[in-house]
Amino acid sequence: MENYDVLIVGGSTTGSYLAQGLASRGHKVLVIDKNPQNKIGSKYDIFHIAKPEFARFRLPMPIQGEDLAFEFTGSEAYSAFGHYPKAGNGTVIGMHMHAYTLRLNRWAISAGAEYRYETRFIDLTYKAGRITGAKISQNGEEKIIKAQLVADCSGIPSVVRTKLPDGYGVENFVIGPKDMF
Ligand SMILES: Cc1cc2nc3c(=O)[nH]c(=O)nc-3n(C[C@H](O)[C@H](O)[C@H](O)COP(=O)(O)OP(=O)(O)OC[C@H]3O[C@@H](n4cnc5c(N)ncnc54)[C@H](O)[C@@H]3O)c2cc1C
């Protein structure tokens, strides 16, 4: 059995941000993601963030030729029938999601977090009704990871939250196709 302070399930944007924050504060952090490293953060390509948010959240900046796709200032958005234009004056940065996610992974690793790709969360483990960690599958081998905190950063599927038993005090419903964009 392996011991960590925090097990983070999902190593994309949310998981990496949390991992960096906790590892840099001295916590022993393991991040697992079911995707291989060359697929992580590749559910779509371009995503954008308002430029001031990088400083606000201390995020690493994307780099031209690596993960930076574009930067522009000023935009116009229109309501459905085009009657209500709304001007935006801020600067927006567009990034290639896979490459930027890898940058976030490296950022968290350099803070001390450990990453395991192709490693899938299976279920939570309990002792006397309290969560003690999780059962994971790595290279087809099942392992128990002991952790004081298991963080669900698996996105919409919420693979950890939806495994919680009824009556645990947390909503454990599964988000269905009709609820998704
Ligand atoms: C079309 C579209 C465009 C968008 N554009 C923008 C944009 O421009 N700017 C913006 O800020 N946001 C945008 N968003 C929203 C943004 O993509 C999400 O908010 C963000 O990806 C959520 O990140 P996450 O890390 O929480 O989840 P995800 O990116 O979904 O990552 C979850 C991770 O968990 C892993 N995982 C899942 N199940 C398991 C398991 N059982 N075991 C281990 N790992 C598991 C997955 O492999 C994945 O890597 C957009 C969303 C969509 C759909």
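Residues numbered from 1 in each chain as written. Predicted model: local features only at pLDDT ≥ 70, side-chain atom pairs only at ≥ 80, totals over all residues. Heavy atoms only, no water.

S.K.: How should the pairing of strand 3 (residues 46–50) be read in this particular structure?
M.R.: Two faces make up the sheet, and in a regular strand the side chains alternate between them. What you see with strand 3 is a clean split: Phe 47 and Ile 49 sit on the buried side and Ile 46, His 48 and Ala 50 on the side with no burial. Here 5 bridges tie strand 3 to strand 5 (residues 86–96), and the two strands are oriented antiparallel to one another. Following the sheet pairing, Phe 47 is matched in strand 5 by Met 95. (Buried < 20%, exposed > 50% of the residue type's maximum accessible area, 1.4 Å probe, protein only. Helix = DSSP H or I, 4+ residues; strand = E, 2+ residues; numbered from the N terminus. Pairing = 2+ DSSP bridges.)

S.K.: How do you make sense of the site of the ligand when you look at a structure like this?
M.R.: Close to the ligand lie 20 residues; Thr 13, Thr 14, Asp 33, Tyr 44 and His 48 are nearest. Within the side chain of Thr 13, a nitrogen or oxygen atom sits 2.9 Å from an oxygen atom of the ligand. Within the side chain of Asp 33, a nitrogen or oxygen atom sits 2.6 Å from an oxygen atom of the ligand. Across the complex, the protein chains shield 69% of the 1,000 Å² of accessible surface that the ligand would expose by itself. Sorting elements by how many residues they give to the shell around the ligand places strand 7 (residues 119–127) first, with 3 residues. (Near = heavy atom within 4 Å. Polar contact = N/O pair within 3.5 Å; in protein donor to acceptor, adjacent residues only side chain to side chain. Areas by Shrake-Rupley, 256 points an atom, 1.4 Å probe, with all protein chains shown as cover.)

S.K.: I tried to follow the packing of aromatic side chains on my own but got confused; where do I start?
M.R.: When we look at a pair of aromatic rings, we describe it by the centre distance and by the angle of the planes. Under the defined criterion, the tally for this structure stands at 7 aromatic pairs. Taken together, a centroid distance of 5.7 Å and an interplanar angle of 25° make the contact between Phe 70 and Phe 72 stacked. When its relative accessible area of 36% is taken as the criterion, Phe 72 is described as partly exposed. Ring centres 5.9 Å apart and planes at 35° place the aromatic pair Tyr 115 and Tyr 117 in the tilted group. A residue is classified by how much of its surface remains accessible, and Tyr 115, at 12% relative accessible area, is buried. According to the relative accessible area criterion, Tyr 117 is buried, its value standing at 17%. Cluster of aromatic residues (ring-pair linked, three or more members): Tyr 17, Phe 57 and Trp 107. A cation over a ring is seen here: Lys 28 above Tyr 4, with NZ or CZ 4.7 Å from the ring centre. For the cation-ring pair, Arg 161 lies above Phe 173, with the distance from its terminal atom to the ring centre recorded as 4.9 Å. (Phe/Tyr/Trp six-rings, centres within 6.5 Å; stacked < 30°, edge-to-face > 60°. Lys NZ or Arg CZ within 6 Å of the ring centre and 35° of its normal.)

Treat this as a map of the structure, not an account of what it does.
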